[in-house]
Amino acid sequence: DTGVSQDPRHKITKRGQNVTFRCDPISEHNRLYWYRQTLGQGPEFLTYFQNEAQLEKSRLLSDRFSAERPKGSFSTLEIQRTEQGDSAMYLCASSLTRASSYNEQFFGPGTRLTVL
Amino acid sequence: RKEVEQDPGPFNVPEGATVAFNCTYSNSASQSFFWYRQDCRKEPKLLMSVYSSGNEDGRFTAQLNRASQYISLLIRDSKLSDSATYLCVVNIGKWEYGNKLVFGAGTILRVKS
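In this convention, every chain numbers its residues from 1, walking through the sequence in written order. Going through the entries in the order they are written, you letter the chains from A and number the ligands from 1. Only residues with pLDDT of at least 70 get local features here, since the model is predicted, and only at 80 or more are side-chain atom pairs given and counted; chain-wide, interface and lining totals rely on the full set of residues. With hydrogens and water stripped out, all remaining heavy atoms of the structure feed into the side-chain values.

J.: Describe the overall build of chain A, naming the residues involved and giving the relevant values.
T.: A count of helices and strands for chain A gives 0 helices and 11 strands. All radius of gyration figures rest on C-alpha atoms, and the globule criterion is 2.2 Å times the number of residues raised to 0.38. Taking 116 residues into account, the globule formula puts the C-alpha radius of gyration at 13 Å, and chain A, at 14 Å, falls close to it. Summarising its shape, the C-alpha atoms of chain A cover approximately 45 × 25 × 25 Å along the three principal directions. The contacts of chain A with a sequence gap of at least 6 include a subset with a gap of at least 24, amounting to 54%. Across chain A, the 15 positively charged side chains and the 13 negatively charged ones have centroids separated by 4 Å. The numbering of helices and of strands both runs from the N terminus, where a helix is a DSSP run of H or I of at least 4 residues and a strand a run of E of at least 2. Throughout, a contact is declared for two residues whenever any of their heavy atoms are within 4.5 Å. Residues scored as positive are Lys and Arg, those scored as negative are Asp and Glu, and His as well as the terminal groups of each chain are ignored. Charge placement uses NZ in Lys and CZ in Arg. For Asp and Glu, CG and CD serve respectively.

J.: Any chance you could break down the sheet that holds strand β6 (residues 55-57) of chain B for me, citing the residues and the numbers?
T.: Residues and elements named next belong to chain B. Whether two strands pair depends on DSSP finding at least two bridges between them. What the 5 strands build is an open sheet, ordered β1-β3-β8-β7-β6; its pairing is antiparallel. Each edge of the open sheet is held by one strand with a lone partner, namely β1 (4-6) and β6. With direction set aside, neighbouring strand axes in the sheet form an average angle of 20°. In the sheet, strand β3 (residues 19-25) pairs with strand β8 (residues 70-75) via 6 bridges, with the strands oriented antiparallel. Note on β8: the bridge partner recorded for N22 is S72. The axes used here are C-alpha line fits, helices contributing only the stretch in contact, and every angle between their N-to-C directions lies in the interval 0 to 180 degrees.

J.: Go over the nonpolar core with me, naming the residues and quoting the values.
T.: Nonpolar core, defined: a set of buried Ala, Val, Leu, Ile, Met, Phe, Trp, Tyr and Cys residues in which side-chain atoms within 4.5 Å join the residues together. Only protein chains enter the accessibility calculation, which uses a 1.4 Å probe; a residue is then buried when its area is under 20% of its type maximum, exposed when over 50%, and partly exposed in between. In this structure, Y35(A), W35(B) and I71(B) are the most contacted members of the largest nonpolar core, which totals 39 residues. Looking at which element gives the most residues to this core, the answer is strand β9 (residues 84-91) of chain B, with 6 residues. Core analysis: the next-biggest nonpolar cluster, separate from the first, contains 19 residues, V4(A), F21(A), W34(A) and C92(A) among them.

J.: Please set out the state of the cysteines residue by residue, giving values where relevant.
T.: Any two cysteine sulfur atoms within 2.5 Å of one another count as a disulfide. For the structure shown, the criterion picks out 2 disulfides over all chains. In this model C23(A) forms its disulfide with C92(A); the gap between the sulfur atoms is 1.8 Å. Negative torsions about the S-S bond denote left-handed disulfides, and the value of about -65° found for C23(A) with C92(A) makes this one left-handed. Taken together, the residues C23(A) in strand β3 (residues 19-24) and C92(A) in strand β9 (residues 88-95) connect sequence positions 69 residues apart. A sulfur-sulfur separation of 2.0 Å characterises the disulfide bridge that pairs C23(B) with C88(B). One quick way to see it: the torsion about the S-S bond of C23(B) and C88(B) is about -75°, and its sign makes the bridge left-handed. With C23(B) in strand β3 and C88(B) in strand β9, this residue pair connects regions lying 65 residues apart in the sequence. Each member of the pair C23(B) and C88(B) is classed as buried.

J.: I'd like to hear about the sheet that holds strand β1 (residues 5-7) of chain A, residue by residue, with values.
T.: Residue and element names in this part refer to chain A. Taken in spatial order, the 4 strands line up as β1-β3-β8-β7 in an open sheet, and their pairing is antiparallel. If you trace the sheet from one side to the other, it starts and ends with β1 and β7 (65-68), each paired once. Pairs of neighbouring strands in the sheet enclose a mean axial angle of 15°, with direction left out of account.

Structure follows, in structure tokens:
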């Protein structure tokens, strides 16, 4: 399978614990995005990387959240001191860089986080 | 006001029916437009891009009205397999700085035999 992959697919944690998620984009894609989706809502943009550079962060991304893409390939999203409100599906997407606003973003299967 | 608004539904229709979904967006500088499909507990997948001239892909037709900031999706001859949530998506970023997608909350479609 050469699509976007995410690990783990499910994570249950206790409030106050730290969690880290991994995303492996499609190999030739140099743009990588993180989104969060809660029940009954569409995905919400969190942050975006062009190669290893984090170029934009949403105000949804509090200081408990940090994302990295150290070698411009896979990315990690860490949440420190998790809260029950962090429970959501965390989606990763990747795309090529082309001179078009219609670049397709391909989504991974997501990591479902439950904070108890 | 949400940036992208959709009727949440659900739309319950019989097989073979024609169904239309509407969506409005608030950012007049939006660059591009899409419909994504999301099956239950799965990731969103691109259904079709929406161009100013309108476009059709088999049973699916999308229209864009930039003046009214309105996007539509028409599904003809509905199939059971069309049952899903349809997400209206607007790109408010420029490609040079990363296309930034804003999603509506989705419209649920249930096609019944």
